[in-house]
Amino acid sequence: MVHIYHGKSLLATYPLHPKTPIHFEAQGDIGLVEITIDSEGVRISHSSCATKRCVLSGHRHRVGDILACVPNRILVSIQGTQKLALDAISE
Amino acid sequence: MTTSQESTQIPRPSLVSLEKKAYWLGLLLLASGLHVFEAVMPSFGPWFKLGLANIITLIALQSMGTKAAASLAIGRVVIGAFFIGTMFTPTFIISLTATLASTSVMLISWRFIPRISLIGVSLMGALAHMCSQFVVVEQLFIQQIALYYLLPPLLVLSCATGWLNGALATYITAQLTIRSR
């Protein structure tokens, strides 16, 4: 599941692999952040911030991955019960 | 008549202290330049920079002492922010607090750990910088614990860059002492 947060508040929750692409516009501290969830995963497609580091982060599709736009205080986090790839090391 | 007499009585700083100031200013300009260069250069990820400007801090620490190194690190962040255009934005706040934390860790380890090398100091600084950056972002901006999932892989990366910067600084200071003989 993809969770979208603004600061401490949860804005929206979407499935990671939707049948049709989802566009969600999150209202951040300085403007809108557009989040796209499609077959490749989740990404931030547009942001009102100056540095655009969130847009440059690209796609994320594994459980535990996060995307963040710090000036807007928007966090996109992929959460789930499925096993993480790196857990095999500690077994 | 009186003015010329007064002007001759103005105490001049000694050539040695002037030379030291000029050297420090040169290092500050170099560090600011590297800081700006790093901000515009493409990096491996949005959360990650090489920390090349820290090489200059290490050189100052080795050749001029802790005070000069601390003022150099803070000075280059402020001057760099003017050039990049991030003054007083979240980027600047994160950068300044992380630099303050990592510089104090570096100075304390340089002062109190016996026979620590520049590589060790650089490693301590890199790890402190990464950790404090995450704490600042978590406390002030994102406020979600999920953020810390990013920390372990980035700590591994910062070990690599910390070692690289320390090795470069060791090489540069060795070359400088050979040339100045």
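Residues numbered from 1 in each chain as written. Chains lettered and ligands numbered in written order. Predicted model: local features only at pLDDT ≥ 70, side-chain atom pairs only at ≥ 80, totals over all residues.

Participant: It is not clear to me how the overall build of chain A should be interpreted in this structure. Could you clarify?
Facilitator: Looking only at helices and strands, one finds 1 helix and 7 strands in chain A. Listing the helices and strands of chain A from first to last along the sequence gives β-β-β-β-β-α-β-β. In terms of overall dimensions, chain A is globule-like: its C-alpha atoms have a radius of gyration of 13 Å, near the 12 Å expected for 91 residues. For the C-alpha atoms alone, the extent of chain A along its principal axes is close to 45 × 30 × 25 Å. Burial status across chain A gives 32% buried among its 91 residues. Taking the intrachain contacts of chain A between residues at least 6 apart in sequence as the baseline, contacts between residues at least 24 apart amount to 31%. (Helix = DSSP H or I, 4+ residues; strand = E, 2+ residues; numbered from the N terminus. Rg over C-alpha atoms; globule rule 2.2 N^0.38 Å. Buried ≥ 20, exposed ≤ 12 C-beta atoms within 10 Å, placed from the backbone. Contact = placed C-beta atoms within 7 Å.)

Participant: Sorry if this is basic, but what is going on with helix α5 (residues 90-112) of chain B here?
Facilitator: Given 3.6 residues to a turn, an α-helix orients residues that are three or four positions apart in the same direction. Residue and element names in this part refer to chain B. With 23 residues, α5 should cover 33 Å at 1.5 Å per step; its first-to-last C-alpha distance of 33 Å lies within 8% of that length. Those residues of α5 that fall on the buried side of the exposure criterion are Pro90, Thr91, Ser95, Ala98, Thr99, Ser102, Thr103, Met106, Leu107 and Trp110. As for α5, its buried residues are in contact with α3 (53-64), α4 (66-84) and α6 (118-142). (Expected span 1.5 Å × (residues − 1).)

Participant: So what exactly am I meant to see when it comes to the sheet that holds strand β4 (residues 32-38) of chain A here?
Facilitator: Within a sheet, neighbouring strands are paired by backbone hydrogen bonds and run either parallel or antiparallel to one another. Residue and element names in this part refer to chain A. Sheet architecture is open: 3 strands sit in the order β3-β4-β5, paired in antiparallel fashion. In this open sheet, the two strands that pair with only one neighbour each are β3 (22-27) and β5 (41-47). Taking the axes of each pair of neighbouring strands and ignoring which way they run, one obtains an average angle of 25° across the sheet. (Pairing = 2+ DSSP bridges. Axes fitted to C-alpha atoms, helices over the stretch in contact; angles between N-to-C directions.)

Participant: Is there a simple way to think about the sheet that holds strand β2 (residues 9-14) of chain A in this case?
Facilitator: Residue and element names in this part refer to chain A. What the 4 strands build is an open sheet, ordered β2-β1-β7-β6; its pairing is antiparallel. The open sheet terminates on both sides in strands that have one partner only, identified here as β2 and β6 (66-69). Strand-to-strand twist of the sheet, defined as the mean angle between neighbouring strand axes without regard to direction, takes the value 15°. Pairing of β6 with strand β7 (residues 74-78) involves 4 bridges; the strand directions are antiparallel.

Participant: How should the nonpolar core be read in this particular structure?
Facilitator: Across soluble globular proteins, nonpolar side chains have a tendency to be buried as a group. Of all hydrophobic cores here, the largest spans 51 residues; its most connected members are Ile35(A), Ala68(A), Cys69(A), Leu75(A), Val76(A) and Ile56(B). The element that contributes the greatest number of residues to this core is α6(B), accounting for 11 residues. Among residues more than four places away in sequence, those in contact with Leu75(A) are Tyr5(A), Ile66(A), Ala68(A), Ile142(B), Gln144(B), Ala146(B) and Leu147(B). (Core = buried A, V, L, I, M, F, W, Y, C linked by C-beta atoms within 7 Å.)

Participant: Honestly, the interface of chain B and chain A in this entry has me stumped. Any pointers?
Facilitator: One frequent convention defines the size of an interface as the accessible area lost when the parts assemble. Opposite the 13 residues of chain B that make contact, chain A presents 16 residues. Sorting the residues of the side of chain B that touches chain A by element identifies α5 and α6 of chain B as the ones contributing at least two each. Ranked by residues supplied to the side of chain B that touches chain A, first place goes to α6(B) with 3 residues.

Participant: Quick question: what am I supposed to make of the pairing of β5(A) here?
Facilitator: In regular strands, side chains alternate between the two faces of the sheet. All names here are of chain A. As defined by bridge partners, β4 adjoins β5 across 6 bridges and the pair is classed as antiparallel. Across the sheet, the residue bridging to Ile37 is Val42, located in β5. In sequence, β4 turns back onto β5 through a hairpin of 2 residues.

Participant: I would appreciate a short explanation of the packing of α6(B) against helix α7 (residues 151-179) of chain B in the present structure.
Facilitator: For any two helices packed against each other, the geometry is given by the interaxial angle and the distance between the axes. Residue and element names in this part refer to chain B. Contact pair α6 / α7: the axes reach a minimum separation of 7 Å and the direction vectors enclose 145°. Crossing of α6 over α7 shows right-handed handedness. Each residue belonging to the contact of α6 with α7 can be placed in one class, and the counts come to 15 nonpolar, 8 polar and no charged. (Left-handed = near helix turned anticlockwise from the far one by under 90°. Nonpolar A, V, L, I, M, F, W, Y, C, P; charged D, E, K, R; others polar.)

Participant: Would you explain the environment of Ile56(B) in this entry?
Facilitator: All names here are of chain B. Relative to the elements of secondary structure, Ile56 occurs in helix α3. When the C-alpha positions of Ile56 and Leu72 are compared, they lie 8.5 Å apart, and in sequence the two are 16 residues distant. Each residue touching Ile56, except ones within four places of it in the same chain, is listed here: Leu27, Leu30, Ala31, Leu34 and Leu72.

Participant: Got a minute to help me understand unusual backbone geometry in this structure?
Facilitator: Most peptide bonds take the trans form, and the phi angle of most residues other than glycine is negative. Within the chain, Arg73(A) stands out as a residue other than glycine whose phi angle is a positive 60°. Here Arg73(A) lies in the loop between β6 and β7. Taking the number of C-beta atoms within 10 Å as the measure of exposure, Arg73(A) has 23 and is therefore buried. Although it is not a glycine, Phe88(B) sits at a positive phi angle of roughly 65°. Considering the arrangement of structural elements, one finds Phe88(B) in the loop between α4 and α5.

Participant: How should the pairing of β3(A) be read in this particular structure?
Facilitator: All names here are of chain A. Sheet topology places β3 next to β4; 6 bridges connect them, and they run antiparallel. Each bridged residue has a counterpart across the sheet, and for Phe24 the counterpart in β4 is Ile35. The turn linking β3 back onto β4 is made up of 4 residues.

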